Structure formats: structure tokens, C-alpha cells
Amino acid sequence: MKILLTGGTGFIGSHTAVALLERGFEVILLDNFSNSSPDAADRVREITGRDLLCIKTDLLDADGVGLAFSQNPGIDAVMHFAGFKAVGESVSEPLAYYHNNIAGTLNLIEIMNKNGVKKLIFSSSATVYRADNPVPYFEDYPLGATNPYGWSKVMIEQILRDVCAANPEWSMALLRYFNPIGAHESGMIGEAPNGIPNNLMPYITKVAAGELPVIHIFGDDYDTPDGTGVRDYIHVMDLAEGHILAMNYIRERKGAWSFNLGTGKGYSVKELIAAFEKVCGKELPKQTDARRAGDLPAAYANTALAKKELGFAARYGIEKMCEDSWRWQITGACRK
Ligand SMILES: NC(=O)c1ccc[n+]([C@@H]2O[C@H](COP(=O)([O-])OP(=O)(O)OC[C@H]3O[C@@H](n4cnc5c(N)ncnc54)[C@H](O)[C@@H]3O)[C@@H](O)[C@H]2O)c1
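Computed from a prediction, not measured in an experiment: that's the story for all the values here.

(A) How the structure looks around the sheet that holds strand E2 (residues 26–31). The seven strands lie next to each other as E3-E2-E1-E4-E5-E6-E11, forming an open sheet whose pairing is parallel. On the outer flanks of this sheet lie strand E3 (53–56) and strand E11 (255–261), each paired with one strand and no other. When the angles between neighbouring strand axes are averaged without regard to direction, this sheet yields 20°. As paired strands, strand E5 (residues 119–125) and strand E6 (residues 171–177) are joined by seven bridges and run parallel to one another.

Next up, the structure:
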């Protein structure tokens, strides 16, 4: 099978490419490198010992994306990772987020339609669950968001469900990721955010490496066991596995299917930092700051549906997630 990965040189795309190549799939990466580099494709080749095609194109460039399909006939399915993902930036630059994420997806779907490719795995997010839902989150909970990034995911999910409702040939999996962390255990690929990281794990690794002075804990007075925010961290290689299972699932079915991809277990900010300190063997500087607007006390998945329908169960625990994130930081590969 030939699979095209939009945003394929990014964090989750590159790890999924490794998992696909190791299973014998043919892989094409498409990316504009706005938040990644073609080096990731080389590293995926090196890790797997297999070749892949890496195309530089922007999803907003319909001609470029059209060429990627017409010059590579026989694409069976698309995994759609490409998009902007920084929540805070989406608040200050809503139009850029809506334009890139939504218009990019519309172009992609139209071009897939023209080329007769009608299987899509979409990178959705736990941010699509309305803030007043109780935890754990079930897939049939009401949707809503608190920032433009989250709304772009809610809107794209709706668009994709509408496409499936109108055209019974389509099959799609809408995968709601919780908090992907970790890295490939080779230390050759991982999360490489531009500038100051928005997410906790890359922030912790940079403090541990001495590149940032202190970990900020935003609020320690939430109604959680230790007062800090609780999230469902999932190893990125487990997430990659979830994509392969989801692809096998939609190969045999039509319509749009939503699944949570998490471990179902929540860890607090303090617990994640403690687990990381154990792995890196030192205590890290940290300070408690005020709560951040829009942060929830706790968000974790109910994983029963993904387990029952996809056979998905996360293999890796928090220690392995910390070990692999740390290896990625200290190999120096993350700075190349
Ligand atoms: N990492 C997370 O915590 C997380 C959580 C939930 C959902 N997601 C979603 O998963 C997807 C992948 O996330 P990631 O962490 O790998 O992010 P990433 O930024 O590492 O990867 C996204 C890739 O898309 C590319 N891209 C962006 N806009 C593009 C465009 N218009 N045309 C072509 N390429 C474009 C970027 O260059 C980047 O390589 C995103 O859609 C993100 O919203 C991520």
C-alpha cells in the first residue's frame, strides 16, 4: 500500500513514517517545512533502511498538491498531519490558523477526490472536547473549543463528517490525540519546536539540558490530587501504531469514525516532572506561576472504543516516554 503523509516531516508524521516503512508500506511525505526540515526524511531513511519520497509543497498550493498526486499514481490513503498547532499563537493569529488548517484541508480533500483517493486519517485533538465535559472524555461527548486552534479541529472534523455523509465512497478516521511525547528510541527523530516550546515535555528537556532556566508550573491550586494540571501523555510511537490500526479499520468500512488516542491514565505536571527527574538523574529548577487562561484542571481519554474497535492499547508508560524524550535531547539530533 502507498500512503501519503501531509506534514510528514513533523513530529508525529516522521514517527508514523518509521512505523509504516517498518511494516512494508510505501511512504510519501509532503511538507512545506514551515515547522520541520527535510533532514527528518533522511533520518527516517536511516532508521528504517528504506527509501521514501519527500515532496516540498504547501497544502495551500493546489497545483503543487495536485502534482504530488498525479505524479504518484496509486496512492491508497492519506494521513493528514499538516497544520499549525500552537494554541497560544492561534489566539493572536486566528486568521493564519483558520486559513492554514481549514483551507489546506479543503484543498487536500478536493484533490484527493479528483484523484480517486478516498481514505483519510486526520490528526484531530483532545482539544475538540468542550471544556465543561467531565473526564474521562468519551468520543460521543459534545464538541467545542476555547481557542482558534481547537476550533479549527472542530470545524475540520465537521467538514470531514459532511464529506463522508454526502459521498458514501469515503472512509475516514478522526484521531483525537491526547498529549504525544517521547521520541523514537534511536534518538534520531523527535519533537523539535521552533523557539520556546509551548508544550511541557520539550520545555522540561530544555531545562534539563540547561538551555532554559526554569520549568514554569502554571497553577498548583486546581482540584486535582497535587493541585497541578493532569494530562494523558502518550508515547509518539504508540500514536504511530494507532494510525496503522485506524488505517486497517477504515479500509474495511465507509464513513467517518472518531477515536481517542491516549493511554487513559492522567499524570499531573508535578508527576511528569518527577518521572523525568528520575530518568535524567537530577532535580530540575521549577517555579509555580499563575494559572494560564484556558487551561483545564484535567483532560484524559476513555480508551474503550479505540481498544474495542481498533485493538489499540498503548504499550509504553511514562518512564519510557521520559527516557526517549531525554535521549532525543542529549543526542543533539534535536538541534541539528
Ligand atoms: N503534538 C501535539 O501535541 C498534538 C496534539 C494533538 C493534535 N496534534 C495534531 O497533529 C498534527 C501533527 O502534529 P505535530 O506535533 O507532528 O506537529 P509538527 O508541527 O511537528 O508537524 C506538522 C507539520 O505540518 C507542516 N505543515 C504545516 N502547515 C503546512 C502546510 N500548509 N502545507 C504543508 N505542510 C504544512 C509543518 O511544516 C510540520 O512539519 C497537527 O495537525 C497537530 O495539530 C498534535
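Now that the structure is up, let's keep going.
(B) Fine view of the environment of Pro193. With respect to the helices and strands, the residue Pro193 is situated in the loop between strand E7 (179–181) and helix H7 (200–208). Residue class for Pro193 comes out partly exposed when judged on its relative accessible area of 25%. Along the sequence, Pro193 and Glu277 sit 84 residues apart, while their C-alpha atoms lie 21 Å from each other.

(C) Spatial organisation of the sheet that holds strand E12 (residues 267–268). Reading across from one edge, E12-E9-E14 is the order of the three strands in this open sheet, with mixed pairing throughout. Only two strands of the sheet have a single neighbouring strand rather than two, namely E12 and strand E14 (298–299). Strand direction decides the pairing type here: strand E9 (residues 230–231) and E14, joined by two bridges, are parallel. Bridge pairing in E14 places Arg231 opposite Ala299.

(D) Just the layout of surface pockets, in detail. Estimated volume of the second largest pocket: approximately 180 Å³. Along the wall of the second largest pocket there are 13 residues; nearest its centre are Glu22, His184, Met237, Arg315 and Tyr316. Elements with a contribution of two residues or more to the lining of the second largest pocket: helix H1 (11–22), helix H8 (236–251) and helix H11 (318–331).

(E) Molecular detail of the pairing of E6. The buried fraction of E6 is high, at seven of seven residues. Burial along E6 is two-sided: the face carrying Ser171, Ala173, Leu175 and Tyr177 and the face carrying Met172, Leu174 and Arg176 are both buried. Each parallel crossover has a hand, and the one from E5 via helix H6 (residues 148–166) to E6 is right-handed. As judged from the seven bridges shared by E6 and E11, these two strands associate in the parallel manner. By the bridge assignment for E11, Tyr177 is matched with Leu261.

(F) Fine view of the packing of aromatic side chains. Summed over all chains, the structure comprises eight aromatic pairs. Taken together, a centroid distance of 5.5 Å and an interplanar angle of 85° make the contact between Tyr249 and Trp257 edge-to-face. Residue Tyr249 is classed as buried on the basis of its relative accessible area, which comes to 5%. A relative accessible area of 29% means that Trp257 is categorised as partly exposed. Taking the centre distance of 5.5 Å and the plane angle of 75° together, the rings of Phe276 and Trp326 count as edge-to-face. On the criterion of sequence distance, the pair formed by Phe276 in helix H9 (residues 269–280) and Trp326 in helix H11 is long-range, its members being 50 residues apart. Trp326 gets classed as buried once you look at its relative accessible area, which sits at 12%. Ring pairs connect the aromatic residues Tyr129, Tyr137, Phe138, Tyr141 and Phe178, which therefore count as one cluster. A cation sits over an aromatic face here: Lys265 above Tyr267, 4.7 Å from the ring centre. Between Lys320 and the ring centre of Tyr316, over which it is positioned, the NZ or CZ distance is 5.4 Å.

(G) Here's a closer look at the side chain of Asn100. Structurally, Asn100 can be placed in helix H5 (residues 94–114). Judged by relative accessible area, which is 14%, Asn100 ranks as buried. At 3.5 Å, the side chain of Asn100 forms a polar contact with the side chain of Asn101. Here Asn100 is in contact with Leu60, Gly83, Phe84 and Thr105, once residues within four sequence places are set aside.

(H) Here's a closer look at the side chain of Ser258. By the element assignment, Ser258 lies in strand E11. Separated by 3.4 Å, the side chains of Ser258 and Arg176 make a polar contact. Ser258 has contacts with Glu139, Glu157, Arg161, Leu174, Arg176 and Leu305, leaving out every residue within four places of it along the chain.

(I) Layout of the site of the ligand. Taken together, 27 residues surround the ligand, and among them Asp31, Asn35, Ser36, Lys85 and Tyr149 come closest. One of the side-chain nitrogen or oxygen atoms of Ser36 is found 2.7 Å away from an oxygen atom of the ligand. Within the side chain of Asn100, an N or O atom sits 2.7 Å from a nitrogen atom of the ligand. When isolated, the ligand has an accessible area of 820 Å², and the protein chains bury 96% of it.

Each value, and the rule that gives it
- Residues numbered from 1 in each chain as written.
- Predicted model: local features only at pLDDT ≥ 70, side-chain atom pairs only at ≥ 80, totals over all residues.
- Heavy atoms only, no water.
- Pairing = 2+ DSSP bridges.
- Helix = DSSP H or I, 4+ residues; strand = E, 2+ residues; numbered from the N terminus.
- Axes fitted to C-alpha atoms, helices over the stretch in contact; angles between N-to-C directions.
- Buried < 20%, exposed > 50% of the residue type's maximum accessible area, 1.4 Å probe, protein only.
- 1 Å grid on protein atoms, 1.4 Å probe; cavity = no way out; pocket = protein on both sides within 12 Å on 5 of 7 lines; lining within 4 Å.
- Points joined across faces, edges and corners; volume = space filled by probe spheres on them.
- Right-handed = clockwise from strand over helix to strand, strands pointing away.
- Phe/Tyr/Trp six-rings, centres within 6.5 Å; stacked < 30°, edge-to-face > 60°.
- Lys NZ or Arg CZ within 6 Å of the ring centre and 35° of its normal.
- Polar contact = N/O pair within 3.5 Å; in protein donor to acceptor, adjacent residues only side chain to side chain.
- Contact = heavy atoms within 4.5 Å.
- Near = heavy atom within 4 Å.
- Areas by Shrake-Rupley, 256 points an atom, 1.4 Å probe, with all protein chains shown as cover.

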